[in-house]
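# Per-entry structural report
Each chain, letter by letter, is given below.
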Amino acid sequence: MTQNEMTSDDSTDPAAVGTTATPDPSGEPLVDQSIEVDGTDGGAQPGRDTVIEARDLNVFYGDVQALQGITMSIPENQVTAMIGPSGCGKSTFLRSINRMNDLIDAARVEGELYFEGKNIYDDDVDPVALRRRIGMVFQHPNPFPKSIYDNVAYGLRIQDETENLDQKVETALKRAALWDEVEDQLDKSALDLSGGQQQRLCIARAIAVDPDVILMDEPASALDPIATSKIEDLIEELAEEFTVVIVTHNMQQAARISDKTAVFLTGGELVEFGDTQSIFENPEHQRVEDYITGKFG
Ligand SMILES: Nc1ncnc2c1ncn2[C@@H]1O[C@H](COP(=O)(O)OP(=O)(O)O)[C@@H](O)[C@H]1O
Ligand SMILES: [Mg+2]
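Residues numbered from 1 in each chain as written. Chains lettered and ligands numbered in written order. Predicted model: local features only at pLDDT ≥ 70, side-chain atom pairs only at ≥ 80, totals over all residues.

Let us now look at the overall build of the protein chain. Looking only at helices and strands, one finds eleven helices and ten strands in the protein chain. In the protein chain, which comprises 297 residues, the share counted as buried stands at 45%. The long-range share in the protein chain, meaning contacts at least 24 apart out of those at least 6 apart in sequence, stands at 72%. (Helix = DSSP H or I, 4+ residues; strand = E, 2+ residues; numbered from the N terminus. Buried ≥ 20, exposed ≤ 12 C-beta atoms within 10 Å, placed from the backbone. Contact = placed C-beta atoms within 7 Å.)

Structure, rendered in structure tokens:
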């Protein structure tokens, strides 16, 4: 990675314009020096299976604490769902994974969050480079007012990855299960697509440059049932190549598509985290059982 690529430039930081953070290709380092992961870095043991690890993570907005001492390890190449009632901190936690909370003035983060063994809140981590490896998809599809092609090519062009651009755009659209529907109309405006297609386009844009992790904040909650089911199928497929972390308020959706489920409850507490099947069939905590059986929330 060149010095230039490591320099934060708001004019080309997709996150800065409130859209999908585009990831970097090829696992480039987040800092100028390569990171030595020696297994003693704050005790983090990323191992092969843990890609993200939060340790006693607290997030505040001014005086209000939105997350309380979150400690959890998110496994590689699986779908991890975060569920819980509105306001319990799910979006806050998701944003803390790629430092999108940096863009909220009132937000303050304490504690540690490791991505592949590196604490992303260390001073030497460039959030723009981080967001290229940890992409994000939001609740409301937010394609750029550009062609379908240009949306997918966006991050690749910023990174000067324009060799075989057509091929890369096609691959991303195929991985996002959209190619068959748009292959003859790549020059058409993305804004003319249906909501479900727009969301799959945003996923194509996020994966075009091969991130490690894709964060999704209620990616289907603005879509109709058919479009939702396509997104759900796609998420399961994406986990073969990427680590997926999804926020959903739809418990059936979490049960259907996730491998791991984290239950957050009011006050920003992570109450239970484990295999999705055990969370739903045999939760350890009464409060979790009450929540998933619909007694509150
Ligand atoms: N930008 C913000 N400024 C101030 N408070 C916020 C902001 N975003 C979220 N909060 C507060 O933090 C808490 C958690 O919110 P959020 O992470 O959005 O929850 P969820 O996604 O689970 O609904 C809530 O009390 C919410 O009001
Ligand atoms: Mg939310």
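Moving on from the model shown.
The next point concerns the site of ligand 1. In the vicinity of ligand 1, the contacting residues are Y61, A66, G84, S86, G87, C88, G89, K90, S91, T92, I104 and A106. Take the shell around ligand 1: its biggest share by element is three residues, from helix α2 (residues 90-97). (Near = placed C-beta within 6 Å.)

This paragraph deals with the pairing of strand β10 (residues 269-275). Bridge count for strand β9 (residues 260-265) against β10 is six bridges, and the pairing is antiparallel. Bridging from a neighbouring strand, F264 pairs with L270 of β10. In sequence, β9 turns back onto β10 through a hairpin of three residues, with G267 there showing a positive phi of about 100 degrees. (Pairing = 2+ DSSP bridges.)

Within a sheet, neighbouring strands are paired by backbone hydrogen bonds and run either parallel or antiparallel to one another. Spatially, β6-β7-β8-β3-β9-β10 is the arrangement adopted by the six strands of the open sheet, whose pairing is mixed. Edge positions in the sheet fall to β6 (134-137) and β10, since each has one partner strand and no second. For this sheet the average axis-to-axis angle between neighbouring strands, irrespective of direction, equals 15 degrees. Sitting on the sheet, α2 touches β3 (79-83), β6, β7 (213-217), β8 (243-247) and β9, and the angle it makes with β8 is about 150 degrees. The strands touched by helix α7 (residues 195-207) within the sheet are β6 and β7, with β6 carrying the most contacts at an inclination of about 170 degrees. (Axes fitted to C-alpha atoms, helices over the stretch in contact; angles between N-to-C directions.)

What follows deals with α2. Most of α2 is tucked away: eight of the eight residues are buried. By the burial criterion, the buried members of α2 are K90, S91, T92, F93, L94, R95, S96 and I97. Downstream of α2 by a residue or two, R99 has a phi angle that is positive, lying close to 60 degrees.

Spatially, the four strands line up as an open sheet ordered β2-β1-β4-β5, and their pairing is antiparallel. Each having just a single partner strand, β2 (64-75) and β5 (118-119) make up the two edges of the open sheet. Where strand β1 (residues 50-61) and β2 come together, eight bridges link them in antiparallel fashion. Residue I52 lies in a different strand from β2, and its bridge partner there is I74.

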